[in-house]
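# A look at the structure
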Amino acid sequence: MKTLLVHFSNDSEVKELCSRSASQDIDVLELRDLSRKSFIQNRFGTKKTSSIRLKGYDVDLNDYETVILATDESFGNIAPAMKVFIRQNDLRFKNIICLVFGEGRSQKKATDALRAEVSLSGGTANCVISVSQRALKREAEDLLFYVRHCIHV
């Protein structure tokens with residue numbers, strides 16, 4: 001079975017990192033929020049999930065054994081678009097790996113929030129990884145750099 005990488009970020013470096021992770025064994029899905037947002041809402045993720053409209057995607061999660069969820073941290077929470085994706089999909093019986101990109105103490109709150117969202121969707125976050133922006137710029141060649149110990153690809 002294959003691996004699906006689902007990501008949402010306002011950071012161009014994170015987007016690039018995720019897109020470089022596509023391979024024969026890994027499909028990449030970039031979530032795109034079609035709702036109109038102000039600069040503040042876009043930058044700080046303050047938009048409520050009820051007003052998020054995701055761009056349509058043609059992915060059947062039944063085709064994947066492992067799902068990697070990668071998102072930015074903002075004020076101790078995850079991106080509303082990622083919350084909507086998780087709430088719209090059944091994550092039971094999947095190997096769920098979570099990556100949260102951010103800085104500081106609020107990053108722990110964001111990883112807890114992501115773990116809770118996955119749990120509400122019926123899944124279990126088997127591996128949750130926090131990556132600082134500093135480390136991201138210094139070390140990463142692709143996203144698999146951070147998750148190799150969680151999956152076998």
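Notes on the structure in this doc start here.

So, how was this worked out
Within each chain, residue numbers correspond to sequence positions counted from 1 in written order. For this predicted model, a pLDDT threshold of at least 70 governs which residues receive local features, and a threshold of 80 or more governs which side-chain atom pairs are given and counted, while totals over whole chains, interfaces and linings are taken from all residues. Only hydrogens and water are set aside; all other atoms, that is, all heavy atoms of the structure, feed into the side-chain values. By salt bridge we mean one thing: a side-chain nitrogen of Lys or Arg within 4 Å of a carboxyl oxygen of Asp or Glu. Counting from the N terminus, the helices are the DSSP runs of H or I reaching at least four residues and the strands are the DSSP runs of E reaching at least two. Only protein chains enter the accessibility calculation, which uses a 1.4 Å probe. A residue is then buried if its area is under 20% of the maximum for its type, exposed if over 50%, and partly exposed in between. As used here, the term nonpolar core means buried Ala, Val, Leu, Ile, Met, Phe, Trp, Tyr and Cys residues forming a set that is joined through side-chain atoms within 4.5 Å. In this description, contact between two residues means that some pair of their heavy atoms is separated by no more than 4.5 Å. Polar contacts, as counted here, are pairs of nitrogen or oxygen atoms within 3.5 Å of one another; within protein the pair requires one atom able to donate a hydrogen and one able to accept it, and residues that are adjacent in sequence qualify only if both atoms are side-chain atoms. Two strands make a pair as long as DSSP finds a minimum of two bridges between them. The span expected for a helix works out to 1.5 Å for each residue beyond the first. Throughout, the arc means that of the directions going from the helix axis to the C-beta atoms.

So, about the pattern of salt bridges. This structure, assessed with the given rule, holds seven salt bridges. Among the ionic pairs, Lys 15 bridges to Glu 30, the shortest N-O distance being 4.0 Å. With Lys 15 in helix α1 (residues 12-19) and Glu 30 in strand β2 (residues 26-30), this residue pair connects regions lying 15 residues apart in the sequence. Given the relative accessible area of 33%, Lys 15 is considered partly exposed.

Val 6, Leu 69, Met 82, Phe 85 and Ile 86 are the most contacted members of the largest nonpolar core, which totals 23 residues. Secondary structure elements with two or more residues in this core: β1 (2-8), β3 (64-74), α3 (80-88), β5 (95-102) and α4 (106-120). Ranked by residues supplied to this core, first place goes to α3 with four residues. Sequence-distant contacts of Ile 86, that is, excluding residues within four places in its chain, are made with Leu 69, Leu 91, Leu 114, Glu 117, Val 118 and Ser 121. Ranked by size, the runner-up nonpolar core spans 19 residues in total, among them Ile 26, Ile 97, Phe 101 and Cys 150.

Along the chain, Thr 111 falls in helix α4. At 2.8 Å, the side chain of Thr 111 forms a polar contact with the backbone oxygen of Lys 108. Apart from residues no more than four positions distant in its own chain, Thr 111 is found in contact with Val 100, Val 128 and Ser 130.

So, about the pairing of β3. Note on strand geometry: in a regular strand, side chains alternate between the two faces of the sheet. Across the eleven residues that make up β3, a large majority, ten, are buried. Examined bridge by bridge, β1 and β3 share seven bridges and lie parallel to one another. The partner of Thr 3 across the bridge, within β3, is Thr 66. Pairing analysis gives seven bridges linking β3 to β5, with the strands arranged parallel. Within the sheet, the bridge partner assigned to Ala 70 lies in β5 and is Leu 99. Bridge analysis of β3 against strand β4 (residues 77-78) gives two bridges, and the strand direction is antiparallel. Note that in β4 the partner of Glu 73 across the bridge is Ile 78.

Let us now look at unusual backbone geometry. With a phi angle near 65 degrees, Phe 93 is a residue other than glycine that sits in the positive phi range. Tracing the backbone through its elements, the reader meets Phe 93 in the loop between α3 and β5.

We now examine α4. Between its first and last C-alpha atoms α4 spans 21 Å; for 15 residues at 1.5 Å apiece the expected length is 21 Å, and the two agree. Within α4 the residues assigned to the buried category are Gln 107, Ala 110, Thr 111, Ala 113, Leu 114, Glu 117 and Val 118. Buried residues of α4, viewed axially, fall in a sector of 160 degrees; they line one side. Away from its buried face by more than 90 degrees, α4 exposes Lys 108, Lys 109 and Leu 120.

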